[in-house]
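Structural description and commentary
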Amino acid sequence: MTATPALLFTEATDRTPMLVADEQPLGYTFTARGAAGPPEHEERLLAWAARLPAVRRVLRTWRVPGPGATQPAAWVHLVVVAAGTPLHHMVFRKPGVHAVAAEEELPPYLAAALAAAEPVWEAGG
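Keep in mind it's a predicted model, so treat the numbers as computed, not measured.

1. Here we look at helix 3 (residues 108-116)
Those residues of helix 3 that sit buried are Tyr109, Leu110 and Ala113. When helix 3 is viewed along its axis, its buried side chains cluster within an angular range of 90° and face the same direction.

Written out as structure tokens, the structure is:
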């Protein structure tokens, strides 16, 4: 586990994981256009996000697996929350939904997903 996920794990569990010095190759690329319609849980995700004051926006990107990838092509949602929000409190129990804090450093997978993502919902919008 690398430093950022390790910190989140420690905050959520009060346990310290073993750190891995080097990041593994990403294995995925991301694009704003997907090969399938939005997942059926997207409407529930947006309704959930709209009820939480810490959520700033929800973005969506299509994950394209590459060599060494372990997950199939699929939509990935990023729930962007206010800086300082405890991410372990932002849990929507569906695969491919990730909470990220605004203006904080992200691990490579989430940084790449965020760079390609397009907004599907914004607070106050």
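Let's pick the thread back up.
2. Things to note about the pairing of strand 1 (residues 28-31)
Here strand 1 shows a clear split, with Tyr28 and Phe30 buried on one side and none of Thr29 and Thr31 buried on the other. Where strand 1 lies against strand 2 (residues 55-65), four bridges are found, and the strand directions are antiparallel. Bridge pairing in strand 2 links Thr31 to Trp62.

3. Some remarks on the pattern of salt bridges
Counted by the stated rule, this structure contains two salt bridges. Its salt-bridge partner being Arg33, residue Glu118 comes within 3.1 Å of it at the nearest N-O pair. Of this pair, Glu118 sits in strand 5 (residues 118-122) while Arg33 sits in the loop between strand 1 and helix 2 (42-50), and the two are 85 residues apart along the sequence. Judged by its relative accessible area of 33%, Glu118 falls in the partly exposed class. Note that Arg60 is salt-bridged to Glu42, the shortest N-O span being 2.7 Å. Within this pair, whereas Arg60 is found in strand 2, its partner Glu42 is found in helix 2, the two being separated by 18 residues in sequence. Here the two residues Arg60 and Glu42 agree in accessibility, since each one is buried.

4. Details of the packing of aromatic side chains
Each aromatic ring pair is specified by the distance between its two centres and by the angle formed by the two planes. One pass over the structure, following the stated rule, counts four aromatic pairs. Consider the rings of Phe30 and Tyr109, whose centres lie 5.2 Å apart with planes at 80°: the pair is edge-to-face. On the criterion of sequence distance, the pair formed by Phe30 in strand 1 and Tyr109 in helix 3 is long-range, its members being 79 residues apart. Clustering of aromatic rings is evident, with ring pairs tying together Tyr28, Phe30 and Tyr109. Seen from the ring of Trp75, Arg60 lies directly overhead, with NZ or CZ sitting 4.7 Å from the centre.

5. Observations concerning unusual backbone geometry
The phi torsion at Glu103 lies on the positive side, around 65°, for a residue other than glycine. Its relative accessible area of 82% is what places Glu103 among the exposed residues.

Parameters at a glance
- Residues numbered from 1 in each chain as written.
- Predicted model: local features only at pLDDT ≥ 70, side-chain atom pairs only at ≥ 80, totals over all residues.
- Heavy atoms only, no water.
- Buried < 20%, exposed > 50% of the residue type's maximum accessible area, 1.4 Å probe, protein only.
- Helix = DSSP H or I, 4+ residues; strand = E, 2+ residues; numbered from the N terminus.
- Arc of directions from axis to C-beta.
- Pairing = 2+ DSSP bridges.
- Salt bridge = Lys/Arg side-chain N within 4 Å of Asp/Glu carboxyl O.
- Phe/Tyr/Trp six-rings, centres within 6.5 Å; stacked < 30°, edge-to-face > 60°.
- Lys NZ or Arg CZ within 6 Å of the ring centre and 35° of its normal.

Structural measurements only, silent on function.
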